[in-house]
Every structure is written in structure tokens, then in C-alpha cells.
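Secondary and tertiary structure notes
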Amino acid sequence: MANFTLSWNHGMTLAAVLLVVGAALIIQADTGSRLHTIAFGILIAAAVVYLGARIWMVMRGTRR
């Protein structure tokens, strides 16, 4: 337990923030409005950032 280190992944943090912001906007927006379209785009961006962060974590782990 003494050798425990906390690893911080900025990509995962960004994906989580985008997910929360996108979800909040989806809840606030009316269906079919411009805000709804933007919020949906933010959710897609969150998924892409998450996927990229996961690939980066796997690739970084195989190089060690």
C-alpha cells in the first residue's frame, strides 16, 4: 500500500466533463432546437474523447 500512486488521465477527465455538460444541455433543450443539436454533438465528442483516452491508456500500458 505504501507504493500506491494515483494516475491522472486528462482525456478521461475531459470526457467526463463533456458528458456532464452534454447531458445537462440535453435535459434543458427542446427536441429539435439548435441547442439540442449542439448538446448531441457534445455527447458525441465525449464518446470520441473517451475512446481516444482508452486507446492511449492501452498503448501506453503495452510499451512499458
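Right above here is the structure, for reference.
Every value quoted in this text rests on a predicted model; they were computed, and no experiment measured them.

Looking now at the overall build of the chain. Across its full length, the chain carries 2 helices and 0 strands. Pairs at least 24 residues apart make up 54% of the contacts formed inside the chain by residues separated by at least 6 positions. As displayed, the chain offers around 5,200 Å² of accessible surface, 70% of which is attributable to carbon and sulfur atoms.

Turning our attention to the side chain of asparagine 9. The residue asparagine 9 is located in the segment before helix H1 (10–28) in this model. A distance of 2.9 Å separates the side chain of asparagine 9 from the backbone nitrogen of glycine 11, its partner in a polar contact.

Each α-helix winds once per 3.6 residues, and so residues spaced three or four apart point in a common direction. Compared with an ideal rise of 1.5 Å per residue, which puts 19 residues at 27 Å, H1 spans 27 Å between its outermost C-alpha atoms and is within 8% of the ideal. At the N-terminal boundary of H1, the capping side chain belongs to asparagine 9, with an oxygen 2.9 Å from the backbone nitrogen of glycine 11.

On the surface, Leu51, Ile55, Val58 and Met59 cluster together into a nonpolar patch covering about 380 Å² of accessible area. Exposure remark for isoleucine 55: the relative accessible area of 47% places this residue in the partly exposed category.

Here the focus is the environment of threonine 37. Structurally, threonine 37 is set in helix H2 (residues 34–63). Of the residues examined, threonine 37 reaches a relative accessible area of 54% and is grouped as exposed. Sequence-wise, threonine 37 and isoleucine 26 are 11 residues apart; in three dimensions their C-alpha atoms are separated by 8.7 Å.

Criteria and thresholds
Residues numbered from 1 in each chain as written. Predicted model: local features only at pLDDT ≥ 70, side-chain atom pairs only at ≥ 80, totals over all residues. Heavy atoms only, no water. Helix = DSSP H or I, 4+ residues; strand = E, 2+ residues; numbered from the N terminus. Contact = heavy atoms within 4.5 Å. Areas by Shrake-Rupley, 256 points an atom, 1.4 Å probe, with all protein chains shown as cover. Polar contact = N/O pair within 3.5 Å; in protein donor to acceptor, adjacent residues only side chain to side chain. Expected span 1.5 Å × (residues − 1). Patch = residues over 30% accessible without salt bridge, like charges linked within 9 Å, V, L, I, M, F, W, Y side chains within 5 Å. Salt bridge = Lys/Arg side-chain N within 4 Å of Asp/Glu carboxyl O. Buried < 20%, exposed > 50% of the residue type's maximum accessible area, 1.4 Å probe, protein only.

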